[in-house]
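Residue-level listing of the chains:
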Amino acid sequence: MQGLFNRAVQCFLRDTYGHGLWLAVARRAGVGPEGFEAMLTYDNAVTEAVLTAAVAELARPRETVLEDLGTYLVSHPNVEGLRRLLRFGGAGFVEFLHSLEDLPDRTHLALPDLDMPGLDLEDQGNSRFRLSCRGVIPGVGYVAVGLLRAMADDYGALVLLEHDGEADGAEVILIELLDGAYAAGRRFDLAVRAH
Amino acid sequence: MGARLKDGSVSFGPLALARLMPLHLAVNATGQIVNAGPTLQKLMNGQAALGRNIGDVLALRRPPGPLTMPVLLAQHDLALGVVLTSDPTVSFRALVVPTLDGGAFLNLSFGIGVAEAVRRHALTVEDFAATDLTVEMLYLVEAKTAVMDELRNLNRRLQGAKVAAEEQALTDQLTGLRNRRALDLQMKALIRLGATFGLMHIDLDFFKQVNDTLGHAAGDHVLRQVARVLTQETRATDMAARVGGDEFVVVFPNLSDTAQLMRIADRIIASVTEPIAFEGRDCRISASIGVTVSTLYDSPDADRMLSDADSALYDVKRDGRGKALLVGGPLIEGLVGR
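Residues numbered from 1 in each chain as written. Chains lettered and ligands numbered in written order. Predicted model: local features only at pLDDT ≥ 70, side-chain atom pairs only at ≥ 80, totals over all residues. Heavy atoms only, no water.

Looking up chain B in an unreviewed UniProt entry gives the name GGDEF domain-containing protein, with the organism given as Fuscibacter oryzae.

Looking at an unreviewed UniProt entry, one finds chain A named Heme NO-binding domain-containing protein and attributed to Fuscibacter oryzae.

Before going further, it helps to examine the packing of aromatic side chains. Under the counting rule described, the total for this entry stands at ten aromatic pairs over all chains. Between the aromatic rings of Phe 88 of chain A and Tyr 139 of chain B, the centroid separation amounts to 5.9 Å while the plane-to-plane angle is 75°, which identifies the pairing as edge-to-face. Placement of Phe 88 of chain A in the loop between α5 (80-87) and α6 (93-99) and of Tyr 139 of chain B in helix α6 (residues 134-168) is noted, with the two residues assigned to different chains. Grouping residues by exposure puts Phe 88 of chain A and Tyr 139 of chain B together as buried. Between the aromatic rings of Phe 93 of chain A and Tyr 155 of chain A, the centroid separation amounts to 6.1 Å while the plane-to-plane angle is 65°, which identifies the pairing as edge-to-face. On the criterion of sequence distance, the pair formed by Phe 93 of chain A in helix α6 and Tyr 155 of chain A in helix α8 (residues 140-155) is long-range, its members being 62 residues apart. Accessibility expressed as a relative area gives 8% for Tyr 155 of chain A, which makes it buried. Counting every residue linked through ring pairs, the aromatic cluster contains Phe 12, Tyr 17 and Tyr 72 of chain A. The cationic tip of Arg 106 of chain A hangs over the ring face of Tyr 139 of chain B; the distance from NZ or CZ to the ring centre is 4.5 Å. (Phe/Tyr/Trp six-rings, centres within 6.5 Å; stacked < 30°, edge-to-face > 60°. Helix = DSSP H or I, 4+ residues; strand = E, 2+ residues; numbered from the N terminus. Buried < 20%, exposed > 50% of the residue type's maximum accessible area, 1.4 Å probe, protein only. Lys NZ or Arg CZ within 6 Å of the ring centre and 35° of its normal.)

It is worth spelling out the pairing of strand β6 (residues 80-84) of chain B at this point. On a regular strand, one side chain projects to one face of the sheet and the next to the other, so that they alternate. All names here are of chain B. The buried fraction of β6 amounts to five of the five residues, a majority that puts the element mostly inside the structure. Neither face of β6 is exposed, since Leu 80, Val 82 and Leu 84 on one face and Gly 81 and Val 83 on the opposite face are all buried. The pairing of strand β5 (residues 58-62) with β6 spans four bridges and is classified as antiparallel. Across the sheet, residue Leu 60 finds its bridge partner in β6, namely Val 82. Connecting the antiparallel pair β6 and strand β7 (residues 87-98) is a turn made up of two residues. (Pairing = 2+ DSSP bridges.)

Moving on, we get to the side chain of Arg 242 of chain B. All names here are of chain B. With respect to the element layout, Arg 242 can be found in strand β10 (residues 239-242). Classification of Arg 242 by relative accessible area gives buried; the value is 17%. Of the polar contacts made by the side chain of Arg 242, one reaches the backbone oxygen of Gly 245; its length is 3.2 Å. The contacts of Arg 242, once residues within four sequence positions are left out, are Asp 172, Leu 174, Thr 175, Leu 177, Arg 178, Asn 179, Arg 180, Leu 223, Glu 247 and Phe 248. (Polar contact = N/O pair within 3.5 Å; in protein donor to acceptor, adjacent residues only side chain to side chain. Contact = heavy atoms within 4.5 Å.)

A separate point is helix α7 (residues 103-110) of chain A. Those residues of α7 of chain A that sit buried are Leu 103, Pro 104, Arg 106 and Thr 107 of chain A. Along the axis of α7 of chain A, the buried residues cluster in a sector spanning 160°; they form a single face. Away from its buried face by more than 90 degrees, α7 of chain A exposes Asp 105 and Leu 109 of chain A. Tucked inside the fold, the buried residues of α7 of chain A contact α5, α6 and β1 (118-125) of chain A together with α6 of chain B. (Arc of directions from axis to C-beta.)

Here we come to the sheet that holds strand β3 (residues 158-167) of chain A. Residues and elements named next belong to chain A. Here four strands make up an open sheet; going across it, the order is β1-β2-β4-β3 and the pairing antiparallel. Looking at the sheet topology across the chains shown, the edges are occupied by β1 and β3. The average undirected angle you get between the axes of adjacent strands in this sheet is 20°. Where β1 and strand β2 (residues 128-134) come together, seven bridges link them in antiparallel fashion. Each residue of the ladder has a partner; that of Gly 118, found in β2, is Arg 134. Most of the contacts of α8 go to strand β4 (residues 170-179), to which it runs at about 15°, and overall it touches β2, β3 and β4. (Axes fitted to C-alpha atoms, helices over the stretch in contact; angles between N-to-C directions.)

Contacts between chain B and chain A engage 21 residues on the former and 20 residues on the latter. Counting each side, the surface lost to burial between chain B and chain A is near 1900 Å², with a carbon and sulfur contribution of 72%. Among the residues chain B hides against chain A, the three largest losses belong to Val 125, Tyr 139 and Glu 142 of chain B. Together they make up 34% of the total. At the junction of chain B and chain A, the tally comes to three salt bridges. In this structure, the salt-bridge partner of Arg 106 of chain A is Glu 136 of chain B, at a minimum N-O distance of 2.5 Å. Taken together, chain B and chain A are joined by four residue pairs in polar contact (both at pLDDT 80 or more). At the level of secondary structure, the elements contributing two or more residues to the side of chain B that touches chain A comprise α5 (114-120) and α6 of chain B. (Buried area = accessible area lost by both parts, 1.4 Å probe. Salt bridge = Lys/Arg side-chain N within 4 Å of Asp/Glu carboxyl O.)

As a further point, take a negative patch on the surface. Negative charge collects at one region of the surface, where Glu 101, Asp 102, Asp 105 and Asp 120 of chain A lie side by side. Inspection of the secondary structure puts Asp 105 of chain A in helix α7. (Patch = residues over 30% accessible without salt bridge, like charges linked within 9 Å, V, L, I, M, F, W, Y side chains within 5 Å. Areas by Shrake-Rupley, 256 points an atom, 1.4 Å probe, with all protein chains shown as cover. Lys, Arg positive; Asp, Glu negative; His and termini not counted. Charge placed at Lys NZ, Arg CZ, Asp CG, Glu CD.)

All names here are of chain A. Counting 53 residues, the largest nonpolar core has Leu 13, Phe 93, Leu 148, Ile 173 and Ile 175 as the members making the most contacts within it. Broken down by element, the residue count for this core peaks at ten residues, all from α8. Viewed by domain, this core spans two of them, domain 1 (3-59) and domain 2 (74-179), each represented by three or more residues. Setting aside residues up to four positions removed in sequence, Leu 13 forms contacts with Gly 18, Leu 21, Trp 22, Val 25, Ala 54 and Leu 58. (Core = buried A, V, L, I, M, F, W, Y, C linked by side-chain atoms within 4.5 Å. Domains from an automatic or database assignment.)

Turning our eyes to something else, we now look at the pattern of salt bridges. Summed over all chains, the structure comprises 30 salt bridges over all chains. A salt bridge links Arg 186 of chain A to Glu 80 of chain A, with the nearest nitrogen and oxygen atoms 3.2 Å apart. Here Arg 186 of chain A is found in the segment after β4, whereas its partner Glu 80 of chain A is found in helix α5, with 106 residues between them in sequence. When its relative accessible area of 39% is taken as the criterion, Arg 186 of chain A is described as partly exposed. Overall, the relative accessible area of 27% leaves Glu 80 of chain A in the partly exposed class. Residues Glu 233 of chain B and Arg 267 of chain B are paired through a salt bridge, measuring 2.8 Å at the closest nitrogen-oxygen approach. One end of the pair, Glu 233 of chain B, is in the loop between α9 (216-232) and β10; the other, Arg 267 of chain B, is in helix α10 (residues 258-273), with 34 residues separating them in the sequence. For Arg 267 of chain B, a relative accessible area of 41% puts it in the partly exposed group.

Here the focus is the environment of Val 65 of chain A. Residue and element names in this part refer to chain A. Along the polypeptide, Val 65 turns up in helix α4 (residues 62-75). Classification of Val 65 as buried rests on a relative accessible area of 5%. A C-alpha to C-alpha distance of 9.7 Å links Val 65 and Gly 146, two positions 81 residues apart in sequence. The contacts of Val 65, once residues within four sequence positions are left out, are Phe 12, Val 55, Leu 58 and Arg 60.

Next comes the structure, spelled out in structure tokens:
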């Protein structure tokens with residue numbers, strides 16, 4: 001697994017629960033306190049060890065931890081870059097949903113080695129969608145749920161999201177768009193603001 | 001909104017044109033702008049485009065010259081290079097086709113400065129045709145920048161780790177012998193344990209001449225050869241360290257027999273005095289050695305012993321090089337010049 005995911009978990013734990021919690025998770029998982037480098041590659045077992053340790057230290061269900069991670073990835077100021085890259089997917093939330101299928105290819109343009117979950121979107125009509133998520137981390141669908149919830153907020157869309165278990169080896173997420181323009185949403189300039 | 005098909009020709013209304021080509025301009029035969037795409041109008045900061053002369057709105061950069069109707073209607077193989085007169089920092093490529101009524105139709109696209117133009121004018125996804133890959137390009141620029149930043153930071157951290165690791169290292173990179181740090185640790189350990197040991201401080205003679213006349217590659221080769229000699233002439237339990245450019249120290253645990261140490265020193269001098277072949281040339285050096293043993297001291301001290309051996313070494317150097325001298329003892333014959 002590319003260190004990017006591990007690094008994301010590390011930053012999520014540090015930014016949300018504090019440095020002390022990260023140190024406890026690292027110790028429990030047998031990882032050095034410095035943690036991970038986003039651009040290096042680590043064994044998949046390390047990722048699993050960190051997630052298991054985080055679940056134990058936080059005493060919360062794995063699903064909740066993963067969903068919070070997904071929300072963090074697009075709503076925390078420290079990871080503004082990812083929100084921006086996702087917003088390039090489309091002008092509105094529905095267009096964004098459709099762009100998810102291109103996400104692995106888009107990601108590979110910048111990071112050819114990244115192990116991205118396969119994403120398939122089925123438009124079921126009546127503003128209902130079914131997203132299949134095929135990744136190496138069990139529960140990656142919950143990360144997607146948290147991420148989609150935060151992206152809907154970002155676009156100002158009102159959606160219902162539900163993790164619908166597994167089917168054919170993929171985690172299934174049901175999405176119902178109640179109102180595409182429910183709130184103002186956050187502004188998205190194509191250009192990065194000058195520092 | 002819509003298009004009309006007739007006899008293989010297509011005509012578009014302004015709304016369809018705006019959607020297909022948001023950066024277009026249509027001018028009549030006199031050069032007056034009759035239609036302008038919405039993104040182009042946005043770039044003009046609210047100045048009206050309609051009714052103005054094309055030459056007032058756009059300036060020609062490639063080919064250079066005034067932007068007139070004859071220039072526009074000339075057959076151009078390449079796209080024209082133009083800038084907005086209201087913001088000359090934003091450059092475009094413009095493809096021009098003549099219209100049936102003597103006017104011209106221009107479709108513009110951003111050049112390589114697109115990211116800057118997008119930033120200056122706060123353009124959004126809606127300002128580009130849905131088929132335009134400009135947004136993908138902006139995405140790539142941003143993703144690439146993020147990855148490069150991350151890699152730059154990673155390299156900085158790795159560089160720091162490398163420097164730290166080198167400081168921790170005990171091996172001399174060039175010769176594979178131990179380094180100064182390893183030597184200090186070894187001597188401290190022997191003194192702490194109360195062990196007796198012999199010490200040689202070795203300085204190469206004529207090494208600078210080899211470096212100056214045959215180059216650094218030859219010098220490096222000589223240093224590696226000397227390292228080989230030191231390894232061969234000492235026991236596995238002895239420690240040979242390179243402590244400076246052409247300076248070496250050897251520690252001999254449990255060896256305080258000065259006669260034996262002087263014999264070893266003699267052998268080392270004899271070996272390094274043999275010509276060392278490098279790329280068809282012979283490098284000729286020798287060595288001067290200062291020797292001391294821990295039993296000469298009531299309470300041996302590493303710095304003191306090194307300093308004494310160093311003094312003996314410089315007595316040798318003053319006396320003509322190529323010899324070994326025991327601290328406090330008389331010079332014995334070395335092998336220089338043979």
